[in-house]
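Observations on the three-dimensional arrangement
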Amino acid sequence: DRRKRLISRCVFFSAMAMEEGSFIYGTTINEQEVVREFREFIVKFVQNKEEETEATYLRQLRKTWELQEDKTRGIKFPVQGSHVHQFSTTLYDHLVSYPTEVVPIFDRELWKISTEVLDCEAGELGNCQAQIYGLLDKDTRVMRCMNPTDIERLITVKGIVIRCSDLTPDMNAAVFRCTTEDCKHEVQVMLTHWTIDEPTKCELCGASHSFQIIHNDCKFTDRQVLKLQETPELVPDGETPQNVAIVVFDDLVNQVRPGDRVQVTGIYRAAPVQRIRNWRMCSSVYRTYVDAIALEYAKRAEAPIMDTTVLTQELPKLSEERDLDPAHNSEDDIRWNRRIRELGAETDDQGNQTIVGKLINSFAPSIFEEDEVKKGLLCQLFGGTAKPVSSKGRCRPEINTLLCGDPSTAKSQLLQYSYKLAPRGVYTSGKGSSAVGLTASINKDPVTKELVLESGALVLSDRGLCCIDEFDKMDENARAILHEVMEQQTVSVAKSGIVCSLNARTAILASANPADSCYNPKLSVVENIKLPKNLMTRFDLIWLMLDRRNRDTDHRLAMHLLSMYSEGGQKIKVEPEVDAETFRRYVTFARQWIFPVISDEAAEVLSASYMDLRNQGSREVITATPRILESLIRISESLAKMELRETVLASDVNEAVRLLKAATYAAAVDPETGLIDWEQLIVGVSAGKRKRMKDLELMLQELMGSSEAMREDSVKAALNEKLAERKEPLMNDSEFSSAIRAAEQAGILRRNMKMIEPAGPVSG
């Protein structure tokens, strides 16, 4: 018995020794156990057991290899972290706690499983890299809450990309050659623990420190550094946004651009910093970054908007069903695309599509009425059709909108709703925005010490929406930049030796308050808002949101507001017909896959409508410009996009004309004549005032031609007498000063102290 007990104890301790020997050094990971659990996960895990019979990842692995034409190049295989946790919590914990050791095991086993599934030889398949994404919420970090305990752990972080560096080569394997003339022995050294050690002694000739690196024979991979900033909704009140560096390699480079909202899954690392180059001594404060394993777009913008400005071939058609192609879309995207197609095709009893009404009712449901303004903002979200760049120039598809009017008319709230629903956008305030913050700033890179360009708000919102609140309070220098952005859609920068032109293909949504706080209907919109004259014409839609007194409307508004806060109102509260997530998906789908074309019938209606608008009013007043025609084209295309139609109909053009008349033309009415005066947006003075100034100039010319030098007060009194005879309002001081200045510039008179003299030959 004693001998048996001794043998059993030896067997027990030997088993423990074997088990201890299989652990990875410095961790609590049993390699054989990780291999076994991961192989079972790939072979056995089924995501939807009711619809699928084959293992989910085994089927996806076979499909990914089939799509790869050159199998020696390898594949990148996505693995969702929540699925790993659902299958085995132990395996998930090992993955998150020790990603540096576990992820290479996943890569190796995926390659082995691939050789078994495809029945291939070892040399026929390239590397298979696992891209882990979709971790649990407990492993998702906020940038300001990341601390040293997260170092060397797998985490997920969300943010906005504000800078992308240039591509740099990152060495994976180095080739060293012995410099001895009779030797020339070559040695290949692989990258281990982020360093490549130079051989100290040649094995062939025995020479010490005789190796020289051969750069042309080394192996490199692409490397790029991204700068990720916290999203505005995650920044606490009174705090500044935090940022973190993201290092991406191989196929992850050039996948995002500044302004994209992304979700990064990677290993949080810390690297020593050398205070002085070529010194071995390092700082005790380490520089942290995230070594990215997977990049995915955040929920707000699931898919990037297709860049159609460089297309030379035909745009995709909805009937081709490219959005349902499993080769280019995930199963989740295909499911959403089918739902959006069904939503856009819904009709009422009379056969009319109902999607536009549903979108209007679901857009800012807490704001009372204002359906016309909401429809105009929806047109801006969908945008027009992007035309390919040609020798004829580029016609912008983005729609610019200005909200102006009395306070407490929900202008800022409408801006906030548009910003939240836009697939891509930036929100800023006019008072807190500078010219550099809107365009681009020059900063020094902390690693390379080189000057780099950081994008501003307009560049970050490229192919998106830029919301500017308090537009009237913006600095003049900052506002001057918008002239180029709103028409040429570019930002030109010439700073610190960096000369470039950045794309800013953004739709501008601005809100402005009147200069006197309350809108004065006796003045024009230019005089009310005090904006640069030619900037106003670059807005496609200018909405006047006035607080008009009406007993019935005021009562309904009060009941609407009370229903949002009272107990009875909460019980009868109606949910929006289209929820926010579906709304964003619908807008993204329409911008990515729908490109309406104007039909011949719609073109004729457009031409006729433009001619009607052009000939309104008198001959002396401009009532429409070619920019109005371009605005009508964009609005018509956006209305077709809302219903997922690929053809612009005559009804779309008529609705676009109606919206334009309800918005911009209502703002362009001359308060003195009651007629549409588009020229006042260009020159900043209404037609009535322009006519009065011209009459005053003629009266001054007549007065100076029949008299000698006069005092200013005498000239003013004489002009007022003539105005009284014509039964016209008398002049005020500003009108008199403007008239004297205009006559002086025209050479009619000249000033001499307080005397006004007729202009004559200057005596020598």
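Refer to the preceding data block for the structure.
Everything numeric here is computed off the predicted structure, so don't read it as measured data. (Residues numbered from 1 in each chain as written. Predicted model: local features only at pLDDT ≥ 70, side-chain atom pairs only at ≥ 80, totals over all residues. Heavy atoms only, no water.)

1. Quick notes on the overall build of the protein
Definition in use: Comment: elements are numbered from the N terminus, with helices defined as DSSP H or I runs of at least four residues and strands as E runs of at least two. Throughout this description, buried means an accessible area under 20% of the type-specific maximum (1.4 Å probe, protein chains only), exposed means over 50%, and partly exposed covers the range between. Contact definition: two residues touch when any of their heavy atoms are within 4.5 Å.
Of regular secondary structure, the protein possesses 26 helices and 25 strands. With 764 residues in all, the protein has 45% of them scored as buried. Taking the contacts inside the protein whose residues are at least 6 apart along the sequence as the reference set, 68% of them involve residues at least 24 apart.

2. Looking at the packing of aromatic side chains
Operational definition: In this analysis, rings of Phe, Tyr and Trp, with Trp reduced to its six-membered ring, are considered paired at centre separations within 6.5 Å, and the interplanar angle assigns stacked below 30 degrees, edge-to-face beyond 60, and tilted for intermediate values.
Applying the stated rule across the entire model yields 11 aromatic pairs. Aromatic side chains Y419 and Y427 sit 5.8 Å apart centroid to centroid with 55° between the ring planes, which places their arrangement in the tilted category. Relative accessible area serves as the criterion here: at 8%, Y419 is assigned to the buried category. Residue classification places Y427 among the partly exposed positions, given a relative accessible area of 26%. Every member of this aromatic cluster is reached through a ring pair, and the members are F38, F41, F45, Y57, F77, F87 and F106.

3. Let's talk about the sheet that holds strand β23 (residues 710-711)
Stated precisely, the cut-off is as follows: A pair of strands is treated as paired once DSSP finds two or more bridges between them. To define axes, lines are fitted to C-alpha atoms, for helices over the stretch in contact only, and angles between the resulting N-to-C directions are given on a 0 to 180 degree scale.
Spatially, the 3 strands line up as an open sheet ordered β23-β25-β24, and their pairing is antiparallel. Each edge of the open sheet is held by one strand with a lone partner, namely β23 and β24 (749-752). In this structure, β24 lies alongside strand β25 (residues 755-758), joined through 4 bridges in antiparallel fashion. Counterpart to L749 in the pairing with β25 is P758. With respect to the sheet, helix α26 (residues 733-745) is in contact with β24 and β25, its orientation differing from that of β24 by roughly 115°.

4. Observations concerning the sheet that holds strand β12 (residues 401-405)
Spatially, β13-β16-β19-β12-β20 is the arrangement adopted by the 5 strands of the open sheet, whose pairing is parallel. Edge positions in the open sheet fall to β13 (425-429) and β20 (541-545), since each of these has one partner strand only. Mean inter-strand twist for the sheet, computed between neighbouring axes without regard to direction, equals 15°. Of the strand pairs in this sheet, strand β16 (residues 465-469) and strand β19 (residues 507-512) are connected by 4 bridges, and their pairing is parallel. In the sheet register, L465 faces β19, and the bridge partner there is A507. Helix α9 (residues 371-382) contacts β12, β16, β19 and β20 of the sheet and is inclined by roughly 155° relative to β20.

5. Side note on the layout of surface pockets
So the rule is basically this: Points on a 1 Å grid, built from protein atoms alone, make a cavity when a 1.4 Å probe fits but cannot get out and make a pocket when they are open with protein on both sides within 12 Å along at least 5 of 7 lines; residues with an atom within 4 Å of a point are the lining residues. Grid points are joined across faces, edges and corners, and a volume is the space filled by probe spheres set on the points.
Counted as a void, the second largest pocket has a volume near 1,000 Å³. As for the second largest pocket, its lining consists of 41 residues, and the residues nearest its centre are I160, Q229, E230, P232 and V426. Secondary structure elements with two or more residues in the lining of the second largest pocket: β4 (154-164), β10 (261-271), α10 (411-421), β13, α11 (435-438), β14 (440-444), β15 (451-455) and α12 (457-460).

6. What to know about the nonpolar core
Put simply, the test is: What is meant by a nonpolar core is a set of buried Ala, Val, Leu, Ile, Met, Phe, Trp, Tyr and Cys residues, joined one to another through side-chain atoms within 4.5 Å.
By size, the foremost hydrophobic cluster in this structure holds 58 residues, and its most contacted members are F363, L378 and L414. Take this core: its biggest share by element is 7 residues, from helix α20 (residues 626-642). Here F363 is in contact with K374, L377, L378, L381, L414, Y417, S418, L421 and F583, once residues within four sequence places are set aside. Listed in part, the 36 residues of the second largest apolar core include V79, V96, C128 and L154.

7. Points about the packing of α20 against helix α21 (residues 650-662)
Under the convention used in this document: Reported orientations rely on four angle classes, namely roughly parallel under 35 degrees, roughly antiparallel over 145, roughly perpendicular from 65 to 115, and oblique for the rest. With the far helix as reference, a near helix turned anticlockwise by less than a right angle produces a left-handed crossing, and one turned clockwise produces a right-handed crossing. Under the convention adopted here, Pro, Cys and the residues Ala, Val, Leu, Ile, Met, Phe, Trp and Tyr are nonpolar, Asp, Glu, Lys and Arg are charged, and Gly plus all remaining residues are polar.
α21 packs onto α20 with a crossing angle of 120° between their chain directions and a minimal axis gap of 8 Å. Put simply, α20 runs oblique to α21. The two elements α20 and α21 meet at a crossing, and its hand is right-handed. Residues I628, L632, I635, S636, L639 and A640 of α20 lie in contact with α21, whose contacting residues are D652, V653, E655, A656, V657, L659 and L660. Here the residues of the contact of α20 with α21 sort into 10 nonpolar, 1 polar and 2 charged.

8. Regarding the pattern of salt bridges
Using the following cut-off: What makes a salt bridge here is a side-chain nitrogen of Lys or Arg within 4 Å of a carboxyl oxygen of Asp or Glu, nothing more.
This model, assessed by the stated rule, comprises 33 salt bridges. Among the ionic pairs, D150 bridges to R141, the shortest N-O distance being 3.1 Å. The residues D150 and R141 share a single accessibility class, namely buried. Where salt bridges share partners, they join E31, R39, R108, E109, K112 and E116 into one cluster.

9. So, the side chain of S461
Spelled out, the test is: As used in this structure description, the phrase polar contact means that two N or O atoms lie within 3.5 Å; if the pair is within protein, one of them must be able to donate a hydrogen and the other to accept it, and residues adjacent in sequence are counted only when both atoms belong to side chains.
The topology assignment puts S461 in the loop between α12 and β16. Given the relative accessible area of 0%, S461 is considered buried. Among the polar contacts listed, one links the side chain of S461 to the backbone oxygen of A457, at a separation of 3.0 Å.

10. Description of the packing of α9 against helix α18 (residues 580-593)
Direction vectors running N to C along α9 and α18 enclose 55°, while the axes themselves pass 9 Å from each other. Considering their axes alone, α9 and α18 lie oblique with respect to each other. Where α9 approaches α18, its residues L378, L381 and F382 are matched on the opposing element by F583, Y586, V587, A590 and R591. Its residues placed into classes, the contact of α9 with α18 shows 7 nonpolar, no polar and 1 charged.

11. Considerations on the pairing of strand β17 (residues 490-495)
Relative to strand β18 (residues 498-503), β17 is paired through 6 bridges, and the arrangement is antiparallel. Each residue of the ladder has a partner; that of S492, found in β18, is S501.

Nothing here speaks to function; it is geometry throughout.
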